[in-house]
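Listed below are the residues making up each chain.
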Amino acid sequence: MANELIDEHVSIKQCRLAIDALHAHESKKQAKIDELELISGKEPNIWLNVTVKKIPPGHRIKPVKVPVVHPLVDPRTTPICLITKDPQRQYKDLLETNNIKFISRVVGIEKLKGKFKPFEARRALLKENGMFLADERIIPLLPKLLGKKWFEAKNLFPVCLTRKDLKGELERAVSSTYMNQNQGTCTSIKIGVLSHTPVQIVANLQKALPTIAANIKDGWENIQALHIKTNSSVSLPIWSCSLDASEEGRWHGLEAVEETEDVSAAAKGKKRTSSSDEEESDEEEKPKKRSKNADGSSTKKSATKVASTPKAAPAKASSSGKAAKSKATKPSPADKPAPVKEASKPAKKASKSAESPVAPSPAKSAPKAKATPAVKAPEPKESKVATPAPKAEKKAKNVALEKKKEKVKVVKRAGKSAKSALLGKKAGQE
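Residues numbered from 1 in each chain as written. Predicted model: local features only at pLDDT ≥ 70, side-chain atom pairs only at ≥ 80, totals over all residues. Heavy atoms only, no water.

Per an unreviewed UniProt entry, the chain carries the name Ribosomal protein L1p/L10e family-domain-containing protein and comes from Ephemerocybe angulata.

What follows is the structure, given as structure tokens:
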């Protein structure tokens with residue numbers, strides 16, 4: 001008996017220890033409150049908290065019916081309201097024919113839209129009744145008609161009014177508890193009240209737990225922990241899943257994630273080491289290239305520098321030697337300032353070397369003169385000087401057009417004056 005398990009998972013001994021401690025603590029607390037207050041408040045409930053590993057995919061509007069041994073609501077002391085489709089009178093007659101007397105009030109959809117439309121009327125209806133049963137066909141319409149306060153109270157439950165055994169259906173609905181699975185990882189199910197004895201609460205838990213686990217996705221594999229608590233007490237654990245690596249679920253998934261992170265970190269480290277090795281090899285190759293440039297051998301960088309020089313220099317270098325000598329010995333005075341302004345860097349270096357006090361040999365001076373850039377650089381200036389010609393022509397055309405317009409205006413004025421003179425003569429003759 002000591003090793004007996006509920007649904008092959010939860011120990012009954014652990015449940016009894018937790019429920020006995022919780023019931024004793026809450027009953028003492030409630031006794032002190034009753035001594036101080038004249039009117040006793042609502043009776044505290046005993047809740048089962050179910051924590052899952054994975055969040056459920058969707059939200060259920062209809063709660064799940066969970067059977068219990070000892071009902072939480074007593075129809076003799078707690079009024080029960082039934083919400084039905086229209087016409088309301090038809091369902092009242094149906095209750096009378098089936099001899100159902102534990103339903104205290106019947107409300108139809110028309111009454112909810114009319115009489116109970118104000119917030120005060122709905123709040124009064126909620127306080128007057130301890131439990132609400134609604135036809136499962138109208139459950140989707142009720143959130144807009146009743147409001148969120150009704151669903152926060154969690155005392156509205158669906159029933160099927162089309163069954164032949166209507167009395168048995170309503171009795172099972174009253175003697176059951178319900179699970180409203182929310183969109184988080186923790187769901188609370190009412191399994192008892194403080195007026196129940198600890199033995200009765202354990203019996204309700206033993207009856208309800210298999211149905212609760214069956215209505216959770218993936219069953220016990222998805223359940224992380226179970227706790228017992230009241231409305232305002234600390235939760236006491238009664239069961240927790242094992243954290244072994246062999247267990248499938250969230251804990252096994254966390255270890256798999258850690259392993260993948262380690263593998264990815266190792267791969268990144270390998271990439272960094274390979275990139276550092278490549279950089280070192282590039283740095284080793286750079287001094288070799290510099291040494292080759294010092295020796296005077298041709299490299300890619302020197303080739304790019306030669307390619308960046310103007311194209312006019314090699315074209316003139318291929319000309320005859322006599323023409324180059326004549327240009328070097330007899331430069332024109334107009335052509336001297338042009339190379340200073342528009343010549344490239346290699347040309348400036350060549351001119352500086354030509355003006356240095358140490359005069360080179362005449363044989364070597366000739367190629368330096370060849371390297372000087374184009375003497376015909378001021379050609380774009382001539383195009384700039386020639387540009388005013390079309391502007392002058394445009395001005396002349398504009399002046400001619402203005403003169404023509406003035407002549408036309410003078411002719412029109414003369415015509416108007418002649419017409420007025422003729423009209424004056426005719427008027428005088430008349």
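Caption draft 1: How the structure looks around the overall build of the chain. A count of helices and strands for the chain gives 17 helices and twelve strands. Per-residue burial over the chain gives 27% buried out of 430 residues. Relative to all contacts within the chain whose residues are 6 or more apart in sequence, the contacts with residues 24 or more apart total 72%. In the structure as shown, the chain presents an accessible area of about 29700 Å², 57% of it carried by carbon and sulfur atoms. (Helix = DSSP H or I, 4+ residues; strand = E, 2+ residues; numbered from the N terminus. Buried < 20%, exposed > 50% of the residue type's maximum accessible area, 1.4 Å probe, protein only. Contact = heavy atoms within 4.5 Å. Areas by Shrake-Rupley, 256 points an atom, 1.4 Å probe, with all protein chains shown as cover.)

Caption draft 2: Region of interest: the sheet that holds strand β8 (residues 156-159). Pairing is parallel in the open sheet, where four strands are placed in the order β6-β5-β7-β8. The sheet terminates laterally at β6 (105-108) and β8, the two strands that pair on one side only. For this sheet, the mean angle separating the axes of adjacent strands, direction not counted, is 25 degrees. Judged from the four bridges that link them, strand β7 (residues 131-135) and β8 form a sheet pairing that is parallel. Note that in β8 the partner of Ala-134 across the bridge is Pro-158. Along the sheet, helix α2 (residues 88-97) contacts β5 (80-84), β6 and β7; its crossing angle with β6, the most-contacted strand, is approximately 155 degrees. (Pairing = 2+ DSSP bridges. Axes fitted to C-alpha atoms, helices over the stretch in contact; angles between N-to-C directions.)

Caption draft 3: The arrangement of helix α1 (residues 12-36) in detail. Here α1 spans 36 Å end to end across 25 residues, near enough to the 36 Å set by a 1.5 Å rise per residue. All of the buried residues in α1 are Ile-12, Cys-15, Ala-18, Ile-19, Leu-22, His-23, Glu-26 and Gln-30. Looking at the buried side of α1, the elements it contacts are β1 (5-6), β2 (10-11), α8 (198-214), β11 (223-229) and β12 (236-240). Its side-chain oxygen placed 3.4 Å from the backbone nitrogen of Lys-13, Ser-11 serves as the N-cap of α1. (Expected span 1.5 Å × (residues − 1). Polar contact = N/O pair within 3.5 Å; in protein donor to acceptor, adjacent residues only side chain to side chain.)

Caption draft 4: Expanded view of the packing of aromatic side chains. Scanning the model with the defined rule gives two aromatic pairs in all. Aromatic side chains Phe-157 and Tyr-178 sit 3.9 Å apart centroid to centroid with 10 degrees between the ring planes, which places their arrangement in the stacked category. Of this pair, Phe-157 sits in strand β8 while Tyr-178 sits in strand β9 (residues 176-179), and the two are 21 residues apart along the sequence. Looking at Phe-157, the relative accessible area reads 9%, which means it is buried. A ring pair is formed by Trp-220 and Trp-239, whose centres lie 5.1 Å apart and whose planes are at 75 degrees; its orientation type is edge-to-face. Taken together, the positions of Trp-220 in the loop between α8 and β11 and Trp-239 in strand β12 put the pair 19 residues apart, joining distant regions of the chain. The exposure class assigned to Trp-220 is buried, which follows from its relative accessible area of 14%. (Phe/Tyr/Trp six-rings, centres within 6.5 Å; stacked < 30°, edge-to-face > 60°.)

Caption draft 5: Quick look at the pattern of salt bridges. For the structure shown, the criterion picks out seven salt bridges. In this structure, Arg-76 engages Asp-74 in a salt bridge whose closest nitrogen and oxygen atoms are separated by 3.2 Å. According to the relative accessible area criterion, Asp-74 is partly exposed, its value standing at 28%. Notably, a salt bridge pairs Asp-93 with Arg-89, separated by 3.5 Å at the nearest N-O pair. Note that Asp-93 and Arg-89 are positioned in helix α2 at a spacing of four residues, about one turn of the helix. (Salt bridge = Lys/Arg side-chain N within 4 Å of Asp/Glu carboxyl O.)

Caption draft 6: How the structure looks around the confidence of the model for the chain. Confidence in the prediction of the chain, expressed as mean pLDDT, is 74, and 64% of residues score 70 or more. Note that pLDDT drops below 50 for residues 245-249; the model gives that stretch seven contacts with residues more than four away or on any other chain. Of the regions scoring below 50 in pLDDT, residues 251-257 engages in eight contacts with residues more than four places distant in sequence or in other chains. (pLDDT = per-residue confidence, 0-100.)

Caption draft 7: Looking closely at a positive patch on the surface. A cluster of basic residues, Lys-405, Lys-409, Lys-412, Arg-413, Lys-416 and Lys-419, forms a positive patch at the surface. Within the secondary structure, Arg-413 is located in helix α17 (residues 388-429). (Patch = residues over 30% accessible without salt bridge, like charges linked within 9 Å, V, L, I, M, F, W, Y side chains within 5 Å. Lys, Arg positive; Asp, Glu negative; His and termini not counted. Charge placed at Lys NZ, Arg CZ, Asp CG, Glu CD.)

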